[in-house]
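So the chains spell out like this:
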Amino acid sequence: MSLPSAFIQKYQTLLGTESEAFLHALSEKMAESGFRFNPLKPNASHVRQDFIAEQFQSSPYAKEGYLGSIHGNTPLHQAGYVYSQEPAASLVATIAAAKPSERVLDLCAAPGGKTTQLATSMQDQGLLIANEIMPKRASILSENVERWGLTHTVVTNHAPKELADVFFNFFDCIVVDAPCSGEGMFRKNPDAQLEWQASTPKECAKRQREILTEAVKMLKPGGRLIYSTCTFAPEEDEEIVSFLVHTHGFEVATIDLPDVPHSHGRGEWGSTPAVEKAIRLWPHLHPGEGHFVAKLIKPNTVAAPTKKVRSFQPKTPSAEQRALIAPFEPFFLNASLLTYHVIKDELWGVPSALPKAITKLRIRRFGLHLGTFKKRRFEPNFALAMALKAIEDVPTIVLTVDEWAQYVHGDAIAHPGNQGWVVLTYQGMVVGFGKQVHSLIKNFYPKGLRFTAHLDH
């Protein structure tokens, strides 16, 4: 890899004698891949033991993280049991340590790695708003939220300022994995290197300050802000943390990671010694690519909301719709925590912690998409199958490898029986819904997700 000359000169100046090892790692060493396992899924412990535990080395940055790669068109990925994520990137949600009772915002969420990890930490409870400003990336985010099986995550598509108008002093924790110059992705994504110019870090820093100014408004007094980038640039790292301290009065919190390999922020690269409490990952010192993470606490002196936040009032199903969904009640997840909400002909399970003002937003995913009301019938959605936490009490059919390949291709499957709606499984993993009528399983795998599986017999 041929690094930009201005980049080389910059880090030779900044790192001195350490620059040789740093630049060698970026230009000569291979990028390291990683993934996380989903413990929320049915039979998770057995699937982990059978397919993950003995084949892959654990990553130091996430509880369910591993080093290595799993192809996208495999049952593990298709069924949402794994999420491919660069190892160092998983440190961000680990530091956030989101709790089940909290309201959390992932402000720059696509493609969904940190969202799915935050939701796992929250045990798929509380309220997680996953936002992405770019429409196409918001769609990808929504697909990954669905595959991971999340019920209490709402996907929005807005600029930070538009969200700030709705969520003043609302969140316990906000994660800002900010758009950046991407220097830490040079090995993984050569395009990031081609796009880099000497002016890029300062341009990105300007945008980061604008994003954070809006994020500050949405965080509760005493709440925590997790700021991260995948770049080495002090302009986007230590200088941004200094901006939050000097301009908004934030306190930089100590990050306790006794068993995790890491370095610290460089005091000489910021305007407050507190930046040394931030975490840095370097490609010549630690597994994975480059990353910077800081944990900051909003001052309690900030004024609290002057009026009570009103709760969202869902549109409940009609008596006729209730009768249609009654046979499906055993499939519905966390019934005591999710509230039915009807949007046109679609039935959603929405988190109870939603504020009324959520109706002002463009929402890509309102929680758990339960299904669709059609003429005198109800059709469960693929998302509902992905969100099942246990399958002991629901009708299931175990697919062979060839039947699984037929299913993800969108084909009907010949299989003895007449059970009606069934959960389809393969090697213990829930892969979706089918409708078994007259020894034929009708295929309800979403058309946009279908693919041709290449099987090794």
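Report follows, based on the coordinates. (Residues numbered from 1 in each chain as written. Predicted model: local features only at pLDDT ≥ 70, side-chain atom pairs only at ≥ 80, totals over all residues. Heavy atoms only, no water.)

1. Remarks on the packing of aromatic side chains
Throughout the structure, instances matching the rule amount to 27 aromatic pairs. Ring centres 5.5 Å apart and planes at 90° place the aromatic pair F7 and W196 in the edge-to-face group. Taken as a pair, F7 in helix α1 (residues 5-15) and W196 in the loop between α9 (190-195) and α10 (200-218) lie far apart in primary sequence, 189 residues in all. The same class applies to F7 as to W196, namely buried. The interplanar angle of 20° and the centroid separation of 5.5 Å between the aromatic rings of F35 and Y66 together place this pair among those described as stacked. In this pair, F35 sits in strand β1 (residues 34-37) while Y66 sits in strand β3 (residues 65-67), placing the two residues 31 residues apart along the sequence. Across the pair, Y66 and F35 agree in class, each one buried. Through a chain of ring-to-ring contacts, three or more aromatic side chains come together here, namely F7, Y11, F22, F186, W196, F232, W269 and W282. (Phe/Tyr/Trp six-rings, centres within 6.5 Å; stacked < 30°, edge-to-face > 60°. Helix = DSSP H or I, 4+ residues; strand = E, 2+ residues; numbered from the N terminus. Buried < 20%, exposed > 50% of the residue type's maximum accessible area, 1.4 Å probe, protein only.)

2. Quick look at the environment of V175
Of note, V175 is situated in strand β8 (residues 171-177). Taking relative accessible area as the criterion, V175 reaches 1% and is therefore assigned buried. Distance from V175 to N300, taken between C-alpha atoms, is 19 Å for residues 125 residues apart in sequence. Not counting chain neighbours up to four residues away, the residues in contact with V175 comprise V92, A96, L105, D106, L107, C108, L118 and I226. (Contact = heavy atoms within 4.5 Å.)

3. Brief notes about the pattern of salt bridges
One pass over the structure, following the stated rule, counts 18 salt bridges. Here K114 makes a salt bridge to D177, at a shortest N to O gap of 3.0 Å. Separated by 63 residues along the polypeptide, K114 in helix α6 (residues 113-121) and D177 in strand β8 bring together distant segments of the chain. Looking at D177, the relative accessible area reads 18%, which means it is buried. The residue E289 makes a salt bridge to R187 at a minimum N-O spacing of 3.0 Å. Of this pair, E289 sits in the loop between β12 (279-281) and β13 (291-297) while R187 is found in the loop between β8 and α9, placing the two residues 102 residues apart along the sequence. Each of D237, E238 and R280 takes part in a single network of salt bridges with overlapping partners. (Salt bridge = Lys/Arg side-chain N within 4 Å of Asp/Glu carboxyl O.)

4. Remarks on the packing of α6 against helix α7 (residues 135-148)
Two measures define how a pair of helices packs: the angle their axes make with one another and the distance between the axes. Where α6 contacts α7, the two axes come as close as 9 Å, and the packing angle between them is 35°. Handedness of the α6/α7 crossing: right-handed. Seen from α6, the contacting residues are T115, T116 and T120; seen from α7, they are L141, N144, V145 and W148. Looking at side-chain class alone, the contact of α6 with α7 contains 3 nonpolar, 4 polar and no charged residues. (Axes fitted to C-alpha atoms, helices over the stretch in contact; angles between N-to-C directions. Left-handed = near helix turned anticlockwise from the far one by under 90°. Nonpolar A, V, L, I, M, F, W, Y, C, P; charged D, E, K, R; others polar.)

5. Topic: the nonpolar core
Counting residues in each nonpolar core, the largest one holds 52 residues, and the members touching the most others are I52 and Y407. Looking at this core, the elements that each hand over two or more residues are β1, α3 (44-53), β14 (338-343), β17 (368-374), α13 (382-386), α14 (401-409), β21 (420-426) and β22 (429-437). If we ignore the near neighbours within four places in the chain, the residues touching I52 are F35, F37, V47, Y66, I70, L76 and V82. Membership of the second largest hydrophobic core comes to 44 residues, among which are V154, A274, A278 and V350. (Core = buried A, V, L, I, M, F, W, Y, C linked by side-chain atoms within 4.5 Å.)

6. Structural notes on the sheet that holds strand β2 (residues 57-58)
Pairing is antiparallel in the open sheet, where 4 strands are placed in the order β2-β3-β1-β4. The open sheet has two free edges, formed respectively by β2 and β4 (82-84), since each of these has just one partner strand. With 3 bridges joining them, β1 and β3 adopt antiparallel strand pairing. Pairing of F35 across the sheet is with Y66, part of β3. Strands β1, β3 and β4 of the sheet are contacted by α3, whose axis makes an angle of about 150° with β1. (Pairing = 2+ DSSP bridges.)

7. Notes on the pairing of β1
The two faces of β1 match: G34 and R36 on one face and F35 and F37 on the other face are all buried. Pairing of β1 with β4, which is carried by 3 bridges, proceeds in the antiparallel orientation. By the bridge assignment for β4, F35 is matched with S84.

8. Structural notes on helix α2 (residues 19-28)
Those residues of α2 that sit buried are S19, F22, L23, A25, L26 and S27. Those residues of α2 that are buried lie in contact with α1.

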